[in-house]
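Take a look at the letters that make up each chain.
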Amino acid sequence: MKKILFFTIFTGSLLFISGCGTSDNGLAKGFNLFSIQDDISLGKEVAAEIDGNPNEYPLLDSARYSASYAYLYKIRDKILNSGKVINKNEFAWRLRIINDDNTLNAFCTPGGYIYVYTGLMKFLDSEDQLAGVLAHEIGHADLRHSTQIMTKLYGVQVLLEVIAGNRQMIKELTTGLIGLKFSRTHETQADQASVTYMCPTDYNANAAGKFFEKIQAMGGASIPEWLSTHPSPENRIEHFNNLAIELGCTGKNTYQSEYKAMLRTLP
């Protein structure tokens, strides 16, 4: 009976597996044992952990800093409305700003909960640059890189535990997802997603490359630790530029003055 039950759950889960290949927007898909709904559920768990940990993640209040959030949501909507985001209507795509000027980072959980550090926002020079970075993080979630990694590391057993509602397992997964480091392949795919999402907009589609130009100018000793295992900034800059040419992207707007005005709304 147990074998029959296991087989039924496992084969049922396979109906939701994402196979290898490419999606309709040309972006690579990876093998994934988790369903879209699993990504959504895990994202909610991770967001709850972050929201409940203000010491490590001091979030700016969305009501008090409504102008800052409105600006970010405007950028988000332009990316989502590009017609290239696979899970535009499935994921939450909620934004939160982490008040930490010393961290040059942003991340997006499964299910589309986006977090941006004030340090990154103040490091960048223009709206299109921030849009490029946000598009990169949206790409990680949209291509479901986190649950692809979980599939590789844990396999079907963890999926069955999640389906069964094992709270301890979900808690452990949530903790791991917050600090997850992506592979070089995933970073390259997210870079490609950034250009793909940005190309139909009026932004410079390769604008995220400007972030890596600034990182490169900082020198090796100053490069953030989380970038140490990624493709080199030089290679990524070339990839952004070449892909924008390949896709025939024509956007040029930077919205630099508007961006500087937005920065003044931050603490």
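Owing to the predicted nature of the structure, the values given are computational and were not obtained by experimental measurement. (Residues numbered from 1 in each chain as written. Predicted model: local features only at pLDDT ≥ 70, side-chain atom pairs only at ≥ 80, totals over all residues. Heavy atoms only, no water.)

Participant: So, the packing of helix H6 (residues 145-154) against helix H9 (residues 184-198): which residues are in play, and what are the values?
Facilitator: At their nearest, the axes of H6 and H9 sit 11 Å apart, and the two run at 160° to each other. By the angle class used here, H6 and H9 are roughly antiparallel. Once H6 is placed against H9, the crossing between them reads as right-handed. Mapping the contact onto sequence places His-145, Gln-148 and Ile-149 in H6 and His-186, Gln-189 and Ala-190 in H9. Residue composition of the contact of H6 with H9, grouped by class: 2 nonpolar, 4 polar and no charged. (Axes fitted to C-alpha atoms, helices over the stretch in contact; angles between N-to-C directions. Helix = DSSP H or I, 4+ residues; strand = E, 2+ residues; numbered from the N terminus. Parallel < 35°, antiparallel > 145°, perpendicular 65-115°, else oblique. Left-handed = near helix turned anticlockwise from the far one by under 90°. Contact = heavy atoms within 4.5 Å. Nonpolar A, V, L, I, M, F, W, Y, C, P; charged D, E, K, R; others polar.)

Participant: How would you summarise the environment of Lys-171 if you had to cite specific residues and measurements?
Facilitator: With respect to the helices and strands, the residue Lys-171 is situated in helix H8 (residues 167-178). Residues Lys-171 and Glu-49, spaced 122 residues apart in sequence, show a C-alpha to C-alpha distance of 8.8 Å.

Participant: Any chance you could break down the pattern of salt bridges for me, citing the residues and the numbers?
Facilitator: Pairs may arise between side chains of opposite charge once their charged atoms sit close together. Applying the stated rule across the entire model yields 10 salt bridges. A salt bridge links Asp-39 to Arg-144; the nearest nitrogen and oxygen atoms lie 3.0 Å apart. Of this pair, Asp-39 sits in helix H2 (residues 36-51) while Arg-144 sits in the loop between helix H5 (127-142) and H6, and the two are 105 residues apart along the sequence. Given the relative accessible area of 1%, Asp-39 is considered buried. If you follow the salt bridges from partner to partner, you end up with Glu-187, Asp-191 and Arg-236 in one network. (Salt bridge = Lys/Arg side-chain N within 4 Å of Asp/Glu carboxyl O. Buried < 20%, exposed > 50% of the residue type's maximum accessible area, 1.4 Å probe, protein only.)

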